[in-house]
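Here is what each chain is made of, one letter per residue.
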Amino acid sequence: MTFVGEVLTLVAKDLRLEWRSRARINATLFFALLTLLLFSFAAGPAQALQAANAPGYLWLALLLSSVLLLGESLRIELENDSLEALRAMAVDARALFVSKALTNALFCFLLGVVLVPVAVGLYGAEVKLGFPRLVGVVALGTLAIAAPGTLYATIAVQIRARDVLLPLLLFPVLVPGLLASVRASSLIMQGDPMDQTGSWLLLLAVFDALYWILCTLMYGRVIED
Amino acid sequence: MKRALNIGLPIVALVLVVWGAYQGLAVAPAERMMGEVYRIMYVHVPTAMMSLLAPTVVCIASLAYLMKSTRAADALAEAGAEVSVLFSTLCLVTGSIFGRPTWGVWWTWDPRLTSVAILWIAFIGYLALRRFVDDPDKRATWSAVTAIIISVDVPIVYFSVKWWNSLHQMQSNPSTVDPRMAGPLRINITAWFLVFLALLWTRYRIGRAEQDREQSTPTGEPKAVLRMSS
Amino acid sequence: MFVRLVDVSKRYGGRWAVARVSLELDRSAVVLLTGDNGAGKTTLLKIIATLQRPTSGEVELFGVRALDNLKSVRRRLGLITHQAHLYFDLTARENLLLVARLTGGDPQAVDGLLARVGLADRRSQLVRTMSAGQKRRVSVAKLLLQRPQIALLDEPFTQLDPGGVELMEEVVRELRGAGSLVILATHDIDRGKALADAHLTLAQGTAESLTKVAA
């Protein structure tokens, strides 16, 4: 079977599994929405302050709920040693990584797409440069979360302190990706007179490319040693 | 030779640190703008340097482990990570103390400061990971992968924060400061470098000793080969 | 040569789960593997399956170093373990179709195999909702789909009803007849001996003996 064939077969399997347990995805979505709500309580009722911080709150909510998605997506592979079964069937480790990370990126992205209008409405923010661009940032940003996130989740689910360790390992690494996502989002939402969005998107794209390549290459060692 | 290194290196390092402190506190002149307060630079600048050198050691050792799977590389990586956390802690604390009177704030989102803070927390995560994995091979591989992910991250953190916001004086090194300050600074950098080496070497030896306890083959003679009789 | 272990040891939780096992299994046979609980049977099988790396020693399968040829070696291995190795939120049929796609097996054969293991009317049922014995039957169908040249069976008879045990025995004979090597770990020594050509005993991680089983 070709690499692409393996990836597609595995993605199809993951999508089917996620669909069967869609209650979990729904719960994650409501967790994310709840987080957005809590941020506005933390910020106080001042509308202007909430609107100014909207991009940051959006990304924090997305990041926190993504961690839940990542942990779950790898937990189902450990449940009946399915990961071991895939290894035993000589599935290419890189195909395994790419398929898992793609599924995770997709679900984080969908989560983001739902959160964007809610955040805009809830915080009374504007989107001066239009929603399509903002959705583009969400796509790049969730790709940034998915690559190191999938690799670290694979490690974390196999050890005792999985729930603490995943964010402890993942968040520091995601700082540049998060920073770029928040900056790009806030420029798109609040206007970009100096035309800086492009450079933030470039930074984000470089981050994505680096980590997708690096994690794909190292995944074999992570699951085989 | 080894013995000289084990005992001699820490002693030389300690003596130099004391001498460096004397030079920095008593011999070097006061600074024109900052007065006496600047003297913390004699600790801050060397620890800042070591807090970047230590992760470099971890990164190289981790790459070596992923390529050759030698346990010595893993021990060196672990030693480097612990030393890294120590020096980034010192760097952040002295930096805060330095920043308060000179910039008026304990903390600022300066690219170098932020990079060191990220390194600090990332290597704490790295050390936590090591604690939670029992299998020595898995522990070595997973932490090597983690170290490489962190190493790739740090330059990106630096540049992203630089774009985001910048406020920090030019780096202090002997060529940019008053010649009467350069001498003491050089001594302090050398002293802290030796402290770094002494800690790294000692921790590395402890790591190797721990590995020896987790022996790699059972004791006794190899058993006879069992074959199927025809 | 099917399996060659050269001084293989595996350290696990501060003790040696497998200690200095050297073993050569050079032809098609059913090898019964016995030993007390904790003797290292499962670890040894996982090491032969390339799923666990030995702490020291060398594993050769089909004449090549296993860890350097994972892909080609694993294509010719099949195993039944304590864990089902199935996705519980997929149906029996979906699980087998996934195996067929990933290992180059014949998807057309899936329905026939499910019928053979007695799950024809349950093929569209989620594995999660099946009984332990039924899950085990799905694993047997998976093994038949893979037709491995080395089959590693860890306690395959547990949780099966008498009909299931008979099926399992039939599968072992079939694999043997097709020229495969079957390593069968079980506490049911009489049943194992009735199937086996050779008997390998483990005690505290060490291989004690490999003897011929009288027909």
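See above for the structure.
Predicted model only: the values in this text are computed from it and were never measured.

Let's talk about the nonpolar core
Point 1. The biggest cluster of nonpolar side chains holds 136 residues, and the ones touching the most others in it are Phe97, Leu151, Tyr152 and Tyr211 of chain A, Ile149 of chain B together with Leu153 and Met168 of chain C.
Point 2. Ranked by the residues each element gives to this core, the list is headed by helix 5 (residues 93-123) of chain A, at 15 residues.
Point 3. When sequence neighbours within four positions are dropped, the list of residues in contact with Met168 of chain C reads Ile80, Val140, Leu143, Leu153, Pro156, Phe157 and Leu160 of chain C.
Point 4. Ranked by size, the runner-up nonpolar core spans 38 residues in total, among them Phe2, Val3, Val18 and Leu210 of chain C.

Overview of the pattern of salt bridges
Residues and elements named next belong to chain A.
Point 1. Applying the stated criterion to the full structure yields 39 salt bridges over all chains.
Point 2. With a closest N to O distance of 3.0 Å, Lys13 and Asp14 form a salt bridge.
Point 3. Exposure remark for Lys13: the relative accessible area of 5% places this residue in the buried category.

Considerations on the interface of chain C and chain B
Point 1. With 24 residues of chain C in contact, the opposing surface of chain B contributes 19 residues.
Point 2. Taken together, the two surfaces of chain C and chain B that pack against each other cover about 1,800 Å², and 55% of this comes from carbon and sulfur.
Point 3. Ionic pairing is found between Glu24 of chain C and Arg227 of chain B, a salt bridge with its closest N-O pair at 2.8 Å.
Point 4. At the boundary of chain C and chain B, one finds five residue pairs in polar contact (both at pLDDT 80 or more).
Point 5. Mapped by element, the contributors of at least two residues to the side of chain C that touches chain B are strand 1 (3-12), strand 2 (15-25), strand 3 (29-34) and strand 10 (206-212) of chain C.
Point 6. Ranked by residue count, the leading element in the side of chain C that touches chain B is strand 2 of chain C, at seven residues.
Point 7. Within the side of chain C that touches chain B, the residues separate by chemical class into nine nonpolar, six polar and nine charged.

Examining the packing of aromatic side chains
Point 1. Inspection of every chain in the model, using the stated rule, returns 14 aromatic pairs over all chains.
Point 2. Ring plane angle 50° and centroid distance 5.1 Å describe the contact between Phe97 of chain A and Tyr219 of chain A, whose orientation is recorded as tilted. Placement of the pair is Phe97 of chain A in helix 5 and Tyr219 of chain A in helix 8 (residues 197-224), with a sequence separation of 122 residues. The same class applies to Phe97 of chain A as to Tyr219 of chain A, namely buried.
Point 3. Residues Phe87 of chain B and Trp192 of chain B carry aromatic rings whose centres are separated by 6.3 Å and whose planes lie at 85° to one another, so their mutual orientation is edge-to-face. Of this pair, Phe87 of chain B sits in helix 3 (residues 71-103) while Trp192 of chain B sits in helix 6 (residues 179-213), and the two are 105 residues apart along the sequence.
Point 4. A relative accessible area of 1% places Phe87 of chain B in the buried class.
Point 5. Taking the relative accessible area as the measure of exposure, Trp192 of chain B reaches 14% and is therefore buried.
Point 6. Site record: aromatic cluster; members linked through ring pairs are Phe87, Trp192, Phe193 and Phe196 of chain B.

Remarks on unusual backbone geometry
Residues and elements named next belong to chain C.
Point 1. Positioned with a positive phi, Phe62 is a non-glycine residue whose angle comes to about 55°.
Point 2. By the secondary structure assignment, Phe62 is in the loop between strand 4 (56-61) and strand 5 (64-65).
Point 3. Classification of Phe62 as buried rests on a relative accessible area of 17%.
Point 4. Of note, the phi angle at Gln204 is positive, near 50°, even though the residue is not glycine.
Point 5. Assignment of secondary structure puts Gln204 in the loop between strand 9 (198-203) and strand 10.

Focus: a nonpolar patch on the surface
Residue and element names in this part refer to chain A.
Point 1. On the surface, Leu34, Leu37, Leu38, Phe41, Val114, Val118 and Leu122 cluster together into a nonpolar patch covering about 590 Å² of accessible area.
Point 2. Secondary-structure elements contributing two or more residues to the nonpolar patch are helix 2 (22-43) and helix 5.
Point 3. Sorting elements by how many residues they give to the nonpolar patch places helix 2 first, with four residues.
Point 4. Within the element layout of this structure, Val118 appears in helix 5.

Comments concerning the packing of helix 3 (residues 47-78) of chain A against helix 7 (residues 162-190) of chain A
For any two helices packed against each other, one specifies the crossing angle of their axes together with the interaxial distance.
Residue and element names in this part refer to chain A.
Point 1. Axis separation between helix 3 and helix 7 bottoms out at 9 Å; the angle between their running directions is 145°. Two packed elements cross with a definite hand, and for helix 3 against helix 7 that hand is right-handed.
Point 2. The residue makeup of the contact of helix 3 with helix 7, split by class, is 17 nonpolar, six polar and two charged.

Concerning the environment of Phe3 of chain A
Residues and elements named next belong to chain A.
Point 1. Structurally, the position occupied by Phe3 is in helix 1 (residues 3-20).
Point 2. In this structure, the C-alpha to C-alpha distance between Phe3 and Phe41, residues 38 residues apart in sequence, is 48 Å.
Point 3. Filtering out sequence-adjacent residues up to four positions away, Phe3 remains in contact with Asp92, Arg94, Ala95 and Val98.

Observations concerning the pairing of strand 7 (residues 150-154) of chain C
Residues and elements named next belong to chain C.
Point 1. Extensive coverage of strand 7 is indicated by the burial of five of its five residues.
Point 2. In the sheet, strand 6 (residues 77-80) pairs with strand 7 via four bridges, with the strands oriented parallel. By the bridge assignment, Gly78 is partnered in strand 7 with Ala151.
Point 3. As paired strands, strand 7 and strand 8 (residues 181-185) are joined by five bridges and run parallel to one another. Residue Ala151 lies in a different strand from strand 8, and its bridge partner there is Val182.
Point 4. Taken together, strand 7, helix 6 (residues 162-177) and strand 8 constitute a β-α-β crossover, and its handedness is right-handed.

So, how was this worked out
Residues numbered from 1 in each chain as written. Chains lettered and ligands numbered in written order. Predicted model: local features only at pLDDT ≥ 70, side-chain atom pairs only at ≥ 80, totals over all residues. Heavy atoms only, no water. Core = buried A, V, L, I, M, F, W, Y, C linked by side-chain atoms within 4.5 Å. Buried < 20%, exposed > 50% of the residue type's maximum accessible area, 1.4 Å probe, protein only. Helix = DSSP H or I, 4+ residues; strand = E, 2+ residues; numbered from the N terminus. Contact = heavy atoms within 4.5 Å. Salt bridge = Lys/Arg side-chain N within 4 Å of Asp/Glu carboxyl O. Buried area = accessible area lost by both parts, 1.4 Å probe. Polar contact = N/O pair within 3.5 Å; in protein donor to acceptor, adjacent residues only side chain to side chain. Nonpolar A, V, L, I, M, F, W, Y, C, P; charged D, E, K, R; others polar. Phe/Tyr/Trp six-rings, centres within 6.5 Å; stacked < 30°, edge-to-face > 60°. Patch = residues over 30% accessible without salt bridge, like charges linked within 9 Å, V, L, I, M, F, W, Y side chains within 5 Å. Areas by Shrake-Rupley, 256 points an atom, 1.4 Å probe, with all protein chains shown as cover. Axes fitted to C-alpha atoms, helices over the stretch in contact; angles between N-to-C directions. Left-handed = near helix turned anticlockwise from the far one by under 90°. Pairing = 2+ DSSP bridges. Right-handed = clockwise from strand over helix to strand, strands pointing away.

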